[in-house]
Amino acid sequence: KEVFHISTTEHTFKAAYKTAFINNIQLAVEKNFLHARMADYDLAFLADKLVPERDQLFEYMGISTLYERYLLKIDGKRVETPQTFFMRIAMGLALEETDKTERVIEFYNALSQLYYMPSTPTLFHAGFPIAQLSSCYLNTVNDDLSHIFKVIADNAQLSKWAGGIGSDWTNIRGTGSYIKSIKATTQGVVPFLKVANDVVTAITRTGIRRGGTCIYLETWHLDIEDFLDLRKNTGDERRRTHDINTANWIPDLFMKRVLADSTWTLFSPDETPDIHQLYGKAFEDRYTEYEALARAGKMNQFKEISAKQLWRKMLTRIFETGHPWLTWKDPINIRSPQDHAGVVLSSNLCTEITLNTSDKETAVCNLGSLNLEKHIVDGVIMWDQLQATIKTAIRMLDNIIDINFYPTIEAKNSNMLHRPIGFGLMGFQDGLFALRIPFESQKALTFADELSEYMSYYALLASSELAKERGTYTSYKGSKWSRGIFPFDTLALVEQERGMPIGTNKNSKLDWTPVREHVARYGMRNSNVLSIAPTATISTIVGCYPSIEPIYKNIYTKANTSGEFTIINKYLVKDLKERSLWTQDIIDQLKFHDGDLAAIDAIPEDLKMLYKTAFELDAVWLLAITAARGKWIDQSQSHNVFLRNASGAKLNEVYMAAWKLGMKTTYYLRTLGATQIEKSTLDAQRFGYTQKREYIPVSKACSIENQDCESCQ
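A. Representation of the packing of aromatic side chains in the model. Scanning the entire structure with this criterion turns up 33 aromatic pairs. Measuring from ring centre to ring centre gives 5.1 Å for Tyr457 and Trp512, while their planes differ by 65°; the resulting arrangement is edge-to-face. With a gap of 55 residues between them, Tyr457 in helix 17 (residues 442-470) and Trp512 in the loop between helix 18 (490-498) and helix 19 (513-522) connect regions that are remote in the sequence. This pair shows no difference in class: Tyr457 is buried, exactly as Trp512 is. Site record: aromatic cluster; members linked through ring pairs are Trp383, Tyr454, Tyr457, Tyr458, Trp481, Phe486, Phe488, Trp512 and Trp632. The ring of Tyr668 has Arg670 lying over it, and the distance from NZ or CZ to the ring centre is 4.3 Å.

This is the structure:
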């Protein structure tokens, strides 16, 4: 009624749906909520292509999220239904197409059947007069006061228009370094990061989401130890940044020094201006030259420390505060398709984007994710539909680049020059459930590998087909693509530069000759094509589990702007019902054990294996699956680390394994909290009056640097 403005019966529903679409598009254009070109479409024809029945594909959380956050409102009233929303997105993404109507229908069908979903900025703004559709922006800050505040101002604009930001701050000289112009010493990078933090709190993304920024610092920076403390809840508040994310930018040489238990030298960038731009063997050679100069007394600012002690402090802080995240610059740069055009100096807010930046280029990435769950029917993958979805998605993502509003000239220049996109995946856990594959099995690793190869194969082919139709991206010549080097080929390059093998298999199943030949002949439309983002909100919309993550719990409470909801694993419920095990007794035990099946004797072992949750699974095994997937991806993946009982030894094992597997980035460390679902409905005489299971967390006061602590053994 809010949209239709009339009472409807089943008989008039479809007609009302179509009429409302036409009237509300015209109204939105008239009131300047939508671009004037949106009225140029044959609205009556598009209205006939709406399929209202597809509203039934939503689960409650999905439809609720759409209603609360995404459906267009005019004068405080919603003027979109889910299907008219998807049609508006399709129209907005087809504005530059030659055969607009045909493409709108293609895009609408992919969106409305929940096969594929663009990222939130695209869903917010497609079809708007000012359409900022991009997800991520990456920039670098020069060691110059004017440029520092220019980037801070740029970040405010990027946040205003819904962009998530990754900023490289490694160029800023370290504390105590001399400033010639004023003949004084600097306070280092931390005070500026405090300013950057306050920008995050001041600017909301399109007035809906809090600003999101991640700042990166390379591990040799003189201020790295202070950087590690930025998210602590103790200490001088003027040197804390509670509202900003932080990440370590780690060279391979540091990891080798940790393994060798040798020293590590910290430098101020004004005395080592080139090493931030170097990686692999070139970095190692130049870095050791600077160390020799320092030991010879020819450098003003440096500090020698134990590499292992610094590593322990990194792990301590990530345990205590969740930050800084660990990312590795050498595999990122060695595997980058754009190694001829610059250097990757940081990742983005969610650690899946790896693009070159400079003072002249702010990297931009447009994201969207395939929903695996909708491509499996009765336990069988619809490979042909998967291929079709990939091709459509790549076209939508490439269209964004030309339609997009760019808040800064550096962002526009970069995106037009390189045209990167980030096509990803969500619902991987749904896929495993549907195919009856336990996460902790060789079949899961093989499936992740083969699925990723298939996605990569057809995504790269789709980009090359667009190059045939529209031309290559401007900076294509000299890229790895132009040299016949694909993501899979770059694993060997990492091993060569690192001087040691990486623990990821080199298996391949498909015949890549047709794709290689097509790229050799026609080139690529996009410098980068694949990345896997967290997909938290769009996964809720389509009703699948986020990204590549295992299920958090089989029963848990989730909160959004609509309130709190108890979420139960629908796949588990279906299995229990089919086996006549969905009884009140089992339901009570599921509540009592917070969805943990291991302690429920009545549940068969095969279901216990299939429905293991994130904190029951081995963290290193999950890394191995991500690494197998990563060999096909030209950017990176947002990989959360889940640990039930974190300890110094376990954290070292997990993060060292990530590096040895050749991974590029990691995201949040998730440790199991003591919160539980509401249990007030349980029988107190049977389960107790508190219904509290024994839970002994590792103390947050425990320092992983203190290896004598009993909890850390």
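B. Seen up close, the side chain of Asn528. By the element assignment, Asn528 lies in the loop between helix 19 and helix 20 (536-542). At a separation of 2.9 Å, a polar atom in the side chain of Asn528 contacts the side chain of Ser527. Not counting chain neighbours up to four residues away, the residues in contact with Asn528 comprise Pro337, Gln338, Thr354, Leu355, Arg419, Pro420, Ile421, Asp634 and Gln635.

C. Molecular detail of empty space enclosed by the protein. This structure, assessed with the given rule, holds eight cavities of 30 Å³ or more. Along its surface, the largest cavity is lined by 16 residues, and Gly630, Gln637, Gly662, Met663 and Lys664 are the ones closest to its centre. The leading source of residues in the lining of the largest cavity is helix 24 (residues 619-630), at three residues. Residues that form the lining of the largest cavity fall into these classes: five nonpolar, eight polar and three charged.

D. Just unusual backbone geometry, in detail. Along the chain, His323 connects to Pro324 via a cis peptide bond; the corresponding omega equals -10°. If you trace the backbone, Pro324 turns up in the loop between helix 12 (307-321) and strand 14 (325-328).

E. Region of the structure containing a nonpolar patch on the surface. Together, Leu145, Phe149 and Val195 make up an exposed nonpolar region whose accessible area comes to about 260 Å². Following the sequence through the fold, Leu145 ends up in helix 7 (residues 145-160). Overall, the relative accessible area of 54% leaves Leu145 in the exposed class.

F. Region of the structure containing the pattern of salt bridges. Taken as a whole and assessed by the stated rule, the structure comprises 48 salt bridges. Put simply, Lys391 and Glu465 hold a salt bridge, and the shortest N to O gap is 3.7 Å. A residue pair is termed long-range when its members are at least 10 positions apart, and Lys391 in helix 14 (residues 383-403) and Glu465 in helix 17 qualify at 74 residues. Where Asp402 meets Arg419, a salt bridge forms, and the shortest distance between an N and an O atom there is 2.9 Å. Here Asp402 is found in helix 14, whereas its partner Arg419 is found in the loop between helix 15 (409-418) and strand 18 (421-426), with 17 residues between them in sequence. Using a relative accessible area of 4% as the deciding quantity, one classes Arg419 as buried. Sharing partners across several salt bridges, the network here consists of Glu97, Arg395, Asp398, Asp402, Arg419, Glu469, Arg470 and Arg525.

G. Region of the structure containing the pairing of strand 18. In terms of burial, strand 18 is largely enclosed, as six of its six residues are buried. The two faces of strand 18 match: Ile421, Phe423 and Leu425 on one face and Gly422, Gly424 and Met426 on the other face are all buried. Examined bridge by bridge, strand 15 (residues 363-371) and strand 18 share six bridges and lie parallel to one another. Bridged to Asn366 within strand 18 is Ile421.

H. Quick look at the state of the cysteines. A full pass over the atoms with the stated rule returns zero disulfides. Looking at Cys214, it has no disulfide partner, and the nearest cysteine sulfur is the one in Cys350, 8.8 Å off. With a relative accessible area of 0%, Cys214 lands in the buried category. The thiol sulfur of Cys544 is not disulfide-bonded, and the nearest other cysteine sulfur, from Cys350, lies at 16 Å. Overall, Cys544 belongs to the buried group, its relative accessible area being 8%.

Each value, and the rule that gives it
- Numbers given for residues are sequential positions, taken from 1 along each chain in its written order.
- Whole-chain, interface and lining totals are the exception, using all residues; otherwise, since this is a predicted model, local features are given only for residues with pLDDT of at least 70 and side-chain atom pairs are given and counted only at 80 or more.
- Side-chain figures throughout are based on the complete set of non-hydrogen atoms in the structure, without hydrogens or water.
- Stacked, tilted and edge-to-face pairs are distinguished by plane angle, under 30 degrees for stacked and over 60 for edge-to-face with tilted covering the rest, among Phe, Tyr and Trp rings (Trp via its six-membered ring) whose centres lie within 6.5 Å.
- Every helix listed is a DSSP run of H or I at least four residues long, and every strand listed is a run of E at least two residues long, numbered separately from the N terminus.
- Per-residue accessibility, obtained with a 1.4 Å probe over protein chains only, is compared with the maximum for each type, and a residue is labelled buried under 20%, exposed over 50%, and partly exposed between these values.
- By definition here, charges over rings are those cases where NZ of Lys or CZ of Arg is within 6 Å of the ring centre and within 35 degrees of the ring normal.
- N or O atoms closer than or at 3.5 Å make up a polar contact, with two conditions inside protein: a donor-capable atom paired with an acceptor-capable one, and, for residues adjacent in sequence, both atoms drawn from side chains.
- Working rule for contacts: check all heavy atoms of both residues, and any pair within 4.5 Å makes them a contact.
- A cavity, in this analysis, means grid points on a 1 Å lattice covering only the protein atoms where a 1.4 Å probe fits yet has no way out; a pocket is instead an open set bounded by protein on both sides within 12 Å along at least five of seven lines, and a residue lines either one if it has an atom within 4 Å of a point.
- Grid points are joined across faces, edges and corners, and a volume is the space filled by probe spheres set on the points.
- We call Asp, Glu, Lys and Arg charged. Ala, Val, Leu, Ile, Met, Phe, Trp, Tyr, Cys and Pro are nonpolar, and the rest, Gly among them, are polar.
- Patch membership requires more than 30% relative accessible area and the absence of a salt bridge. Residues of like charge join within 9 Å; the nonpolar side chains Val, Leu, Ile, Met, Phe, Trp and Tyr join within 5 Å.
- Residue burial considers only the protein chains on display, and all accessible areas are found by Shrake-Rupley using a 1.4 Å probe.
- A pairing counts as a salt bridge when a side-chain nitrogen of Lys or Arg comes within 4 Å of a carboxyl oxygen of Asp or Glu.
- Should DSSP find at least two bridges between two strands, the strands are regarded as paired.
- We call a pair of cysteine sulfur atoms a disulfide whenever their separation is within 2.5 Å.

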